[in-house]
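Spelled out from the first residue to the last, the chains are:
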Amino acid sequence: DPVHHQGYRQRHAAPPAVRKKKGAVDALHAFIDPSVHLGKDVRLGHNVVLMQDVVLGDGVTLGHNVVVHPGTRVGAGTTVGDNSVLGQQPRSSVSSVRKVAPVPPLLIGSEVIIGSVVVVYAGTVVRDQAMIADHAAVRELCEIGEASIIGRGVMVELRTLIGPRVIIQTGSHITGDMVIEEGVFLGAEVTCTNDNSMGRSRSGAYRGPHLKRGCSIGSNATLLPGVVVGEGAMVAAGAVVTKDVPPFKLVMGVPAVVVGNARSAPRAAGP
């Protein structure tokens, strides 16, 4: 519609804003289902797709080509980068041990930052002020705690609980069925595992590592299934953790062994 586009150019030097009235969309080529609720001062990029019953709070910004699947709720002040996908339902292949079923819609809190080319599945909860960086993916039935940071290219597998103020750096693999408590730090390219049979068992019994409050995991460390890293403990870079790490101890090596005490108190849990 040339008249619509002319009005759009006259009204907006900044990225296009969306008026609350349904059907009055200023972003080019956007699809917005009539059931969608848009808060005040929502801003949409071009080619955005908002499916049935999506709710966007006040001041939400979606970049170009963002797709938001049915029922997803996005809290006030949240920003989503270009080409991200929010709230898609999981699927399983014919060879998958754990078959999936439909899960509840994705819930995203307020003032969350989601980067570009990010996929966050349905059934997950992202708490206020969390950050999920570019190219990261978060599977279904996870929780990302308040003010936690999921770094670039991180993969968070299903049924994993991440507490508040956790930092996970670039390229780490966070396995399914894992617990990461408040204030934990994981360096770049940490690998976590949850299947001792390495795919040979079809029982579907999985158990990821449990990282206690304030512990630190160095870059390129590997954590085997079910290990518990104690509160305030430190795992050196490149270590392979095959058994539990006591609280406030330092481990290193392959396999990792205790070599001393952790050098300092756990990372502060405050902002």
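How each quantity is defined
Residues numbered from 1 in each chain as written. Predicted model: local features only at pLDDT ≥ 70, side-chain atom pairs only at ≥ 80, totals over all residues. Heavy atoms only, no water. Helix = DSSP H or I, 4+ residues; strand = E, 2+ residues; numbered from the N terminus. Buried < 20%, exposed > 50% of the residue type's maximum accessible area, 1.4 Å probe, protein only. Phe/Tyr/Trp six-rings, centres within 6.5 Å; stacked < 30°, edge-to-face > 60°. Lys NZ or Arg CZ within 6 Å of the ring centre and 35° of its normal. Pairing = 2+ DSSP bridges.

Participant: Hey, could you go over unusual backbone geometry for me, with residue numbers and the actual values?
Facilitator: Of note, the bond from V254 into P255 is cis; its omega dihedral lies within 30 degrees of zero at -5 degrees. Mapped onto the elements, P255 comes out in the loop between β33 (249-252) and β34 (257-261). In this structure, Q129 is a non-glycine residue whose phi angle is positive, near 65 degrees. Tracing the backbone shows Q129 in the loop between β15 (125-126) and β16 (131-132). The backbone of E189 shows a phi angle near 60 degrees, a positive value even though the residue is not glycine. Mapped onto the fold, E189 is located in the loop between β25 (185-186) and β26 (191-192). E189 gets classed as partly exposed once you look at its relative accessible area, which sits at 46%.

Participant: Break down the packing of aromatic side chains for me, with residues and values.
Facilitator: A full pass over the atoms with the stated rule returns zero aromatic pairs. The aromatic ring of Y121 is capped on one face by R139, whose charged end is 5.9 Å from the ring centroid.

Participant: An account of the environment of I32 is requested, with residue identities and associated values reported.
Facilitator: Secondary-structure assignment places I32 in strand β2 (residues 31-32). For the pair I32 and D53, spaced 21 residues apart in the sequence, the C-alpha separation amounts to 10.0 Å.

Participant: Lay out the sheet that holds strand β9 (residues 73-74) with the relevant residues and their values.
Facilitator: If you walk across this open sheet you meet the ten strands as β3-β6-β9-β12-β15-β18-β21-β24-β27-β30, and the pairing is parallel. Of all strands in the sheet, those bounded by a partner on one side alone are β3 (37-38) and β30 (228-229). The sheet contact formed by strand β27 (residues 210-211) and β30 spans two bridges and is parallel. Counted as the bridge partner of H210 is V228 from β30.

Participant: Describe in detail the pairing of β33, supporting the description with residues and values.
Facilitator: One face of the sheet, then the other: side chains in a regular strand alternate in exactly this way. Pairing between strand β31 (residues 234-235) and β33: two bridges, direction parallel. Each bridged residue has a counterpart across the sheet, and for V235 the counterpart in β33 is V251. As defined by bridge partners, β33 adjoins β34 across four bridges and the pair is classed as antiparallel. Along β34, the bridge assignment pairs L250 with G260. Two successive antiparallel strands, β33 and β34, enclose a turn made up of four residues, where G253 displays a positive phi of approximately 105 degrees.

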